[in-house]
Amino acid sequence: MGIVKIDEDLHEEIRRASTVMCRSINAQAEFWMKVGMLAEANPTFSFNEIVKMQFAAAQVHVQDLAVA
């Protein structure tokens with residue numbers, strides 16, 4: 001585990017988002033960092049494509065609502 005210095009306004013945004021998403025503040029920050037890293041590595045992918053790719057990697061099967 002390491003310590004990352006971030007702007008106080010960003011920390012407040014993370015705190016609010018973590019409440020909405022039912023994650024800890026650290027888990028929310030980790031999620032945003034991971035998605036950001038994947039977006040930089042795969043600039044042609046949308047957010048939804050990145051999340052779908054992560055679900056597939058974790059073998060999570062989510063039903064497509066368009067098909068349901």
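Refer to the structure presented above.
In this text, all values refer to a predicted model and were calculated from it rather than measured experimentally.

A. Quick look at the environment of Asn-42. Residue position: Asn-42 is located in the loop between helix 2 (25–41) and helix 3 (47–57). In this structure Asn-42 comes out as partly exposed when scored by relative accessible area, which is 22%. Measuring from C-alpha to C-alpha, the distance between Asn-42 and Ala-17 comes to 24 Å, with 25 residues separating the pair along the chain.

B. Structural context of the packing of helix 1 (residues 8–20) against helix 2. Two elements in contact, helix 1 and helix 2, have axes separated by 8 Å at closest approach and are oriented at 105°. When the interaxial angle is binned, helix 1 and helix 2 end up roughly perpendicular. In contact with Leu-10, His-11, Glu-13, Ile-14, Arg-15, Ala-17 and Ser-18 of helix 1, helix 2 contributes Ile-25, Gln-28, Ala-29 and Trp-32. Residue composition of the contact of helix 1 with helix 2, grouped by class: six nonpolar, three polar and two charged.

Definitions and cut-offs
Position numbers for residues start from 1 in each chain and track the written sequence from start to end. In view of the model being predicted, local features appear only for residues whose pLDDT reaches at least 70, and side-chain atom pairs are presented and counted only at 80 or more, with totals across whole chains, interfaces and linings using the full set of residues. Just so you know, side-chain values use all the structure's heavy atoms and leave hydrogens and water out. Each helix is a run of H or I in the DSSP string that is no shorter than four residues. Each strand is a run of E no shorter than two, and both are numbered from the N terminus. Remark: exposure states derive from per-residue accessible area (1.4 Å probe, protein chains only) relative to the maximum for the residue type, with buried under 20%, exposed over 50%, and partly exposed in between. Every angle, taken between N-to-C directions, lies between 0 and 180 degrees, and every axis is a line fitted to C-alpha atoms, over only the stretch in contact when it is a helix. Each angle receives one of four descriptions, namely roughly parallel if under 35 degrees, roughly antiparallel if over 145, roughly perpendicular if within 65 to 115, and oblique otherwise. Residue contacts are counted whenever heavy atoms from the two residues lie within 4.5 Å of one another. When residues are grouped by polarity, Ala, Val, Leu, Ile, Met, Phe, Trp, Tyr, Cys and Pro land in nonpolar, Asp, Glu, Lys and Arg in charged, and all others, Gly among them, in polar.

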